[in-house]
Amino acid sequence: MKEIIRPYNAIPSAMATKIIDLPNKEPSSLIAPSAALAELATAIPEPIPERAISLLRQFIEMLYQGEYVRHRDLSYYASHLCITPHYLSEICKKVGGEPASYWIDRFTLHEVIRCLNRKELPLTEIVERMNFSSLSYFSRYVQKRIGVSPSEYRSNRTSEIIEDSQMYSISF
């Protein structure tokens, strides 16, 4: 079992009280925590290091700058941040609850849907803009993520817009 050392200011006051109320023990016996201490230690949230927060900010900034259009592979972002792809995903999971690939996909999908909503843009132009290798790969990507093909999305979206406009139209 790992030794868990945390400063008292990182421990919530209710938990600190429980630690202080432990029976007096020799310092050597406190090194290997008892079952109660181990359970208490797992309940204490781990503080997030400043470096991890800084790396996450840089990653999100890269996405906001549009890097997801040209690069959807995790290794690209990790290499620019000088960390491993695994560590980047771990940071994202710790702070945001989702891996880094989720955020890349989320940004990409948001832009894809925005482009699909612009009817004047042909699918081939969207494929080029979003740097997909082919129209078939783009179609599979969209199908997998939103459950319908790009063409179906556009036709369904058109019918929704027509229904919405009919709902608000007033006839005299």
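Notes on the structure in this doc start here. What you see is a predicted model; the values in this text were computed from it and never measured.

1. Digging into the environment of Pro 150
Mapped onto the fold, Pro 150 is located in helix 11 (residues 150-168). For the pair Pro 150 and Leu 123, spaced 27 residues apart in sequence, the C-alpha separation works out to 7.9 Å.

2. Quick notes on the side chain of Glu 67
Locating Glu 67 in the fold gives a position in helix 5 (residues 67-70). The class for Glu 67 is buried, based on a relative accessible area of 13%. A polar contact is formed between the side chain of Glu 67 and the side chain of Tyr 76, at a distance of 2.7 Å.

3. Considering helix 10 (residues 135-146)
Each full turn of the α-helix corresponds to 3.6 residues, which orients residues three or four apart in the same direction. Between its terminal C-alpha atoms helix 10 stretches 16 Å, which fits the 16 Å expected from 12 residues at 1.5 Å a residue. Looking one or two residues beyond helix 10, the residue adopting positive phi is Gly 147, at roughly 90 degrees.

4. Some details on unusual backbone geometry
Residue Cys 82 is not a glycine yet carries a positive backbone phi of 60 degrees. Here Cys 82 lies in the loop between helix 6 (74-81) and helix 7 (85-96). Despite not being glycine, Asn 131 has its phi angle at roughly 60 degrees, a positive value. Looking at where Asn 131 falls in the secondary structure, it is placed in the loop between helix 9 (123-129) and helix 10.

Reading the values: the criteria
Residues numbered from 1 in each chain as written. Predicted model: local features only at pLDDT ≥ 70, side-chain atom pairs only at ≥ 80, totals over all residues. Heavy atoms only, no water. Helix = DSSP H or I, 4+ residues; strand = E, 2+ residues; numbered from the N terminus. Buried < 20%, exposed > 50% of the residue type's maximum accessible area, 1.4 Å probe, protein only. Polar contact = N/O pair within 3.5 Å; in protein donor to acceptor, adjacent residues only side chain to side chain. Expected span 1.5 Å × (residues − 1).

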